[in-house]
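Structural overview for review
Listed below, chain by chain, are the residues.
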Amino acid sequence: GSDVQGRDMFSRVMEGSRISLTIGLVGVALSVVLGAILGTASGYLGGLIDDLVQRFIEIIQSMPTLPLWAAIAAALPPTMPVPQRYLLITIILSFVSWTGLARQVRGKVMAYANLDYIAAARLAGSSHMRIILAHMLPNASSHIIVVSTLAVPGSILGETALSFLGLGVQPPTPSWGTMLSGGRIHLLDAPHLTVVPGLAMAAVVLGFNFLG
């Protein structure tokens, strides 16, 4: 079918998937890089660095996620060009999601630090960077992949929630959130305006959860 302005719904859902999926995947990629670096540094170096990183993580995790996202997104000017807003929304979504991965990587690295092959690498004269990149991160890669796969649905839902509230991608740029927001006033007379993008979002979220 078509929307209230005669635009094809299938084409808009496909175009909206480019926005929502890209924001989700890029946001998770940024959070994986940040979480892996800080988590590895925290677990391997320990001491003061570990304390500072963990206290910073606790401060971020103590804040409610959606209100924090909404507050940061609301600070963006409404007249901001779409590419810049798109990039900043991606950064906003990755700002919170890296903390869980960082703590899990920290735990993995602390467990690896006491293993024999790490001690052998130290005795062989390997630098800290080589031990981290050649031994610790490859062993933790399977765990990082699983965690990042399960984080994609949360990032997609975060973008959808922000766009639904009018704080994310702005119309007429299509995303699943803007389509759901625009169709909610026609829920009774034209339910396909919300059902179609809602089903697309549900299928993608369930698919990533199944892969994880």
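Our structure's up above, just so we're on the same page.
These lines cover the structure that appears in this document, whether it is placed above or below. Keep in mind the model is a prediction, meaning the values are calculated, not measured.

Within the protein chain one finds eight helices and zero strands. For the protein chain, the N- to C-terminal ordering of α and β elements is α-α-α-α-α-α-α-α. Taken over the C-alpha atoms alone, the protein chain extends approximately 70 × 35 × 25 Å along its principal axes. Here the protein chain holds 212 residues, and the buried ones make up 43% of them.

The next subject is helix α6 (residues 128-164). Given a rise of 1.5 Å per residue, 37 residues ought to cover 54 Å, yet the end C-alpha atoms of α6 are separated by just 46 Å, more than 12% below that figure. Its axis deflected by about 45° at S141, α6 carries its strongest bend there. After α6 finishes, the residue G166 shows a positive phi value of roughly 85°.

Moving on: the packing of α6 against helix α7 (residues 176-183). Across the interface, α6 lies against α7 with an axial gap of 7 Å and an inter-helix angle of 40°. Comparing their axes, α7 and α6 come out oblique. Judged by the sense of rotation from one axis to the other, the crossing of α6 with α7 is right-handed. Seen from α6, the contacting residues are I156, T160, S163 and F164; seen from α7, they are W176, G177, T178, L180 and S181. Residue composition of the contact of α6 with α7, grouped by class: four nonpolar, five polar and no charged.

Take a nonpolar patch on the surface next. On the surface, a nonpolar cluster with roughly 330 Å² of combined accessible area is contributed by V26, L30, L87 and I91. Those elements that provide at least two residues to the nonpolar patch are α1 (9-45) and α4 (82-112). Checked against the element boundaries, L30 lands in helix α1.

Quick notes on the rules
Residues numbered from 1 in each chain as written. Predicted model: local features only at pLDDT ≥ 70, side-chain atom pairs only at ≥ 80, totals over all residues. Heavy atoms only, no water. Helix = DSSP H or I, 4+ residues; strand = E, 2+ residues; numbered from the N terminus. Buried < 20%, exposed > 50% of the residue type's maximum accessible area, 1.4 Å probe, protein only. Expected span 1.5 Å × (residues − 1). Bend = angle between axes of the 7 residues up to and from the residue. Axes fitted to C-alpha atoms, helices over the stretch in contact; angles between N-to-C directions. Parallel < 35°, antiparallel > 145°, perpendicular 65-115°, else oblique. Left-handed = near helix turned anticlockwise from the far one by under 90°. Contact = heavy atoms within 4.5 Å. Nonpolar A, V, L, I, M, F, W, Y, C, P; charged D, E, K, R; others polar. Patch = residues over 30% accessible without salt bridge, like charges linked within 9 Å, V, L, I, M, F, W, Y side chains within 5 Å. Areas by Shrake-Rupley, 256 points an atom, 1.4 Å probe, with all protein chains shown as cover. Salt bridge = Lys/Arg side-chain N within 4 Å of Asp/Glu carboxyl O.

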